[in-house]
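This is what each chain is made of:
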Amino acid sequence: MMTKSFQWLTSLLSVAVAALLWNNGRPRSSTLVVHAFSTTSSSSSTIHSIDNIPCRETSIYISTLDQSITILEATLEGQDKLVDEVLMLDEERDESSDNIVDNDPYGSVLWPAALTVSEHITRDSFLMSSGGDNNHPPTLLELGTGTGLVALAASASNKYESILATDYETVPLKLLDAAYSLNQNDDNDIPTTTTPIVTSLFDICNLSVPLPPADIVCAADILYEKSTGIALAKRCIEALERGSRVVIGCSPGRPGRPAFLEELKRLLNPRLKEVDFVDVEGSTCTGERNSLICGAGSSSISDEPEMLIVALMDLTPDCL
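In this numbering scheme, every chain counts its residues from 1 along its sequence in written order. Note on the predicted model: pLDDT of at least 70 is required for a residue's local features to be given, and 80 or more for side-chain atom pairs to be given and counted; whole-chain, interface and lining totals, by contrast, use all residues. Side-chain descriptors were evaluated using all non-hydrogen atoms of the structure, hydrogens and water having been removed beforehand.

With respect to the overall build of the chain
- Strands are runs of DSSP state E lasting at least two residues, helices are runs of H or I lasting at least four, and both sets are numbered from the N terminus onward. For the chain, the helix and strand inventory stands at nine helices and eleven strands.
- Each residue's exposure class comes from its accessible area (1.4 Å probe, protein chains only) as a fraction of the maximum for that residue type: buried when under 20%, exposed when over 50%, partly exposed otherwise. Looking at the chain residue by residue over its 320 residues, the buried ones come to 54%.
- Any two residues whose heavy atoms approach within 4.5 Å are treated as being in contact. Put simply, 77% of the contacts in the chain that link residues at least 6 apart link residues at least 24 apart.
- Areas reported here follow the Shrake-Rupley algorithm with a probe of radius 1.4 Å; residue values treat only the protein chains shown as occluding. Of the accessible surface of the chain, which amounts to about 13,800 Å², a share of 50% is contributed by carbon and sulfur atoms.

Side note on the nonpolar core
- Among the nonpolar cores identified, the biggest contains 53 residues, and Ile62, Trp111, Val117, Ile121, Leu140, Leu149 and Tyr160 are the most heavily contacted of them.
- Of all the elements, helix H6 (residues 149-157) adds the most residues to this core, at seven residues.
- Those residues in contact with Leu149, other than ones at most four positions away along the chain, are Ile60, Ile62, Ile69, Ile71, Leu110, Ala114, Leu115 and Ser118.
- As used here, the term nonpolar core means buried Ala, Val, Leu, Ile, Met, Phe, Trp, Tyr and Cys residues forming a set that is joined through side-chain atoms within 4.5 Å. Of all hydrophobic cores here, the second largest spans 31 residues; its members include Ile222, Cys250, Leu268 and Phe277.

Topic: the pairing of strand S8 (residues 216-220)
- In terms of residue burial, S8 counts as a mostly covered element, since five of its five residues are buried.
- Of the two faces of S8, the one lined by Ile216, Cys218 and Ala220 and the one lined by Val217 and Ala219 are each fully buried.
- The criterion for strand pairing is that DSSP finds at least two bridges linking the strands in question. Two strands pair when backbone bridges link them, and strand S5 (residues 139-143) and S8 are joined in this way by four bridges, in the parallel orientation. Pairing of Leu141 across the sheet is with Val217, part of S8.
- Relative to strand S9 (residues 245-250), S8 runs parallel, the two sharing five bridges. The partner of Ala219 across the bridge, within S9, is Ile248.
- By definition, the crossover connecting two strands over a helix is right-handed if that path, from the first strand to the second, turns clockwise as seen with the strands pointing away from the viewer. Between the parallel elements S8 and S9, the chain passes through helix H8 (residues 226-241) in a crossover that is right-handed.

Some thoughts on the sheet that holds strand S3 (residues 53-62)
- Pairing is antiparallel across the open sheet formed by three strands, whose spatial order is S2-S3-S4. Strands with a single pairing partner mark the edges of an open sheet, and in this sheet they are strand S2 (47-50) and strand S4 (67-74). The mean angle between the axes of side-by-side strands here comes to 40 degrees, regardless of whether they run parallel or antiparallel.
- Where S2 and S3 come together, four bridges link them in antiparallel fashion. The residue bridging Ile50 from the neighbouring strand is Ile53, located in S3.
- Fitted lines through C-alpha atoms serve as axes, helices being fitted only where they are in contact, and the angles separating the N-to-C directions of these axes extend from 0 to 180 degrees. Of the strands in this sheet, S3 and S4 are in contact with H6, which crosses S4 at around 155 degrees.

Focus: H8
- The first and last C-alpha atoms of H8 sit 23 Å apart over 16 residues, in line with the 22 Å expected at 1.5 Å per residue.
- Within H8, burial applies to Thr228, Gly229, Ala231, Leu232, Ala233, Arg235, Cys236, Ile237, Ala239 and Leu240.
- In this fold, the buried residues of H8 make contact with S5, S8, S9, helix H9 (257-268) and strand S11 (307-315).
- Backbone geometry just after H8 places Gly243 at a positive phi near 105 degrees. The span expected for a helix works out to 1.5 Å for each residue beyond the first.

Thoughts on empty space enclosed by the protein
- Only protein atoms enter the 1 Å grid used here. Points where a 1.4 Å probe fits but cannot escape make up a cavity, open sets with protein on both sides within 12 Å along at least five of seven lines make up a pocket, and a residue lines them when an atom lies within 4 Å of a point. Grid points are joined across faces, edges and corners, and a volume is the space filled by probe spheres set on the points. Following the criterion strictly, the structure yields one cavity of 30 Å³ or more and no others.
- Lining the largest cavity are 13 residues, and of these Ala114, Thr145, Gly146, Thr147 and Ala220 sit closest to its centre.
- As a working rule, the residues Ala, Val, Leu, Ile, Met, Phe, Trp, Tyr, Cys and Pro are called nonpolar, Asp, Glu, Lys and Arg charged, and the rest polar, with Gly in that last group. Along the lines of polarity and charge, the residues of the lining of the largest cavity split into seven nonpolar, four polar and two charged.

Here's the deal with the environment of Glu85
- Relative to the elements of secondary structure, Glu85 occurs in helix H3 (residues 76-92).
- Among the residues examined, Glu85 registers a relative accessible area of 28% and is labelled partly exposed.
- Taking the C-alpha atoms as reference points, Glu85 and Pro105, separated by 20 residues in sequence, lie 9.4 Å from one another.

Details of the packing of aromatic side chains
- Under the pairing criterion, centres of Phe, Tyr and Trp rings, with the six-membered ring standing for Trp, must be within 6.5 Å; the plane angle then separates stacked pairs below 30 degrees from edge-to-face pairs above 60, leaving the rest tilted. According to the stated counting rule, one finds three aromatic pairs in the structure shown.
- Here Tyr106 and Trp111 contribute two aromatic rings whose centre-to-centre distance is 6.3 Å and whose plane-to-plane angle is 75 degrees, an arrangement assigned as edge-to-face.
- Assessed through its relative accessible area of 3%, Tyr106 is described here as buried.
- The class for Trp111 is buried, based on a relative accessible area of 3%.
- Arranged with centres 4.5 Å apart and planes meeting at 15 degrees, the rings of Tyr106 and Tyr224 form a pair that is stacked. With Tyr106 in the loop between H3 and helix H4 (112-121) and Tyr224 in the loop between S8 and H8, this pair connects stretches of sequence that are 118 residues apart. Across the pair, Tyr224 and Tyr106 agree in class, each one buried.
- What links up through ring pairs into an aromatic cluster is the set Tyr106, Trp111 and Tyr224.

Okay, structure coming up:
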């Protein structure tokens, strides 16, 4: 999850404002069906302590792999702890500081677009059209990895030469590292081959630092602020100009999406007149959420998995 400011969290001190930021988006007329409902969780899940944050195991079925991936996401208690730390830091921090902050709570839980992007980039047709084959598989860079589902799915597919998962804070990277180990130990009697995942801190908003090299660059549900949306648009152009394919997933109601689209169209014009997300049928996530992370009006979370329209963008260098 990528953001440089925590003013958004202190402004969500009422459920009404939180619900507004997470208001359900109206789907457009064109819809691409990509998978059925795939999110599962259990209140009796094993609990782990990651950086003193209670986290539960959540099993996510990836239809393109026909297997489940185990991720770690903060329990409600863990989310409460992260939110409290953010609110405290926001009162104390120096507004001029450029230091990376390690407590943004959004990256500690799963969001719908992660599943959509996971299935998109592990589909055989996607990999074939990306020029990859068994002898020359593509490399993958994920921005704002969060719980790491996208990177874990790519790893399980064993169809990428290398995978670099990045985030601007350390907690998501620790969740991903722990989840990767869990997935290696899930079936001790069944030998499996997976692509190793390298994790690294990286802030997309710091445009003085270039994108790490990769054939495919992807991001899921990081458009939480206008500034992040503008920065991501610039990173998309940076990736496309060097020859990378770009995949962006976005759940309904993300505040930074309009700014992302506006900036992306501005930067592409006149090279590309029309660029937009395509609606795909995705799934809600389950599990408790702190009301300041996910308001009462959110369409992203439900008690049981439900169909949800998720926005997907897939850009190739030939669009320039």
